Amino acid sequence: MKLSEKTRKSILELQKLYPVKRSALIPALHLAQAENGYLPREIQNEVAELFAIDANEVNGIVTFYDMFFEKPQGKHLIHVCKNLSCMLRGADGLLSALCEKLHTSPGGTSPDGTFTVIASECLAACDRAPMMLIDDQVVGPVQENEIDAILKEASAKSPHSGTGKK
């Protein structure tokens, strides 16, 4: 797997927007992931070359942030907030019920490949606790009895932008 020439050029252009080109690393990783759906080591190495930095630095960023993936993900990403506000309002039960319904665990993908469930730190919507981020849409407050309707609605939408499939 390799980056397309278009994405390589976009990353190089992105670097020019910053006084220090390394500042463009996270946006560059978003571009690479949008093209491929995930960031395997080959892609991480390519990005490192474009920035003239060690590939381990890139891998450190990819593995630190839960918005980057080293393996293919489901068509839809469901982030369940696990920070204090959401936990106090029932996020644990919500995450458990969601995973049970999708026959997976946090970090896993449903057997049909439709949904990946991610237990995430603060998603910056405490006023909607407990909440989820489905692809790029904030949903909340969410009650366990609403999960079926939420999944049905999400299934009817286009896959998230990071699948590499438009």
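In what follows, the structure referred to is the one given above.
Residues numbered from 1 in each chain as written. Predicted model: local features only at pLDDT ≥ 70, side-chain atom pairs only at ≥ 80, totals over all residues. Heavy atoms only, no water.

K.L.:
Would you explain the environment of L31 in this entry?
P.N.:
Residue position: L31 is located in helix α2 (residues 25–36). The class of L31 is partly exposed, set by a relative accessible area of 33%. Along the backbone, L31 and L14 are 17 residues apart, and their C-alpha atoms lie at a distance of 10.0 Å. Beyond its immediate sequence surroundings of up to four residues, L31 is in contact with T7, S10, I11 and L14. (Helix = DSSP H or I, 4+ residues; strand = E, 2+ residues; numbered from the N terminus. Buried < 20%, exposed > 50% of the residue type's maximum accessible area, 1.4 Å probe, protein only. Contact = heavy atoms within 4.5 Å.)

K.L.:
Please explain the packing of aromatic side chains as it appears in this structure.
P.N.:
Within a pair of aromatic rings, the relevant descriptors are the distance that separates the centres and the angle that separates the planes. Counted according to the given criterion, the structure contains 2 aromatic pairs. Taken together, a centroid distance of 4.9 Å and an interplanar angle of 90° make the contact between F64 and Y65 edge-to-face. Classification of F64 as exposed rests on a relative accessible area of 62%. (Phe/Tyr/Trp six-rings, centres within 6.5 Å; stacked < 30°, edge-to-face > 60°.)

K.L.:
How should the side chain of S120 be read in this particular structure?
P.N.:
Considering the arrangement of structural elements, one finds S120 in strand β2 (residues 115–120). A distance of 2.9 Å separates polar atoms of two side chains, one belonging to S120 and the other to D66. (Polar contact = N/O pair within 3.5 Å; in protein donor to acceptor, adjacent residues only side chain to side chain.)

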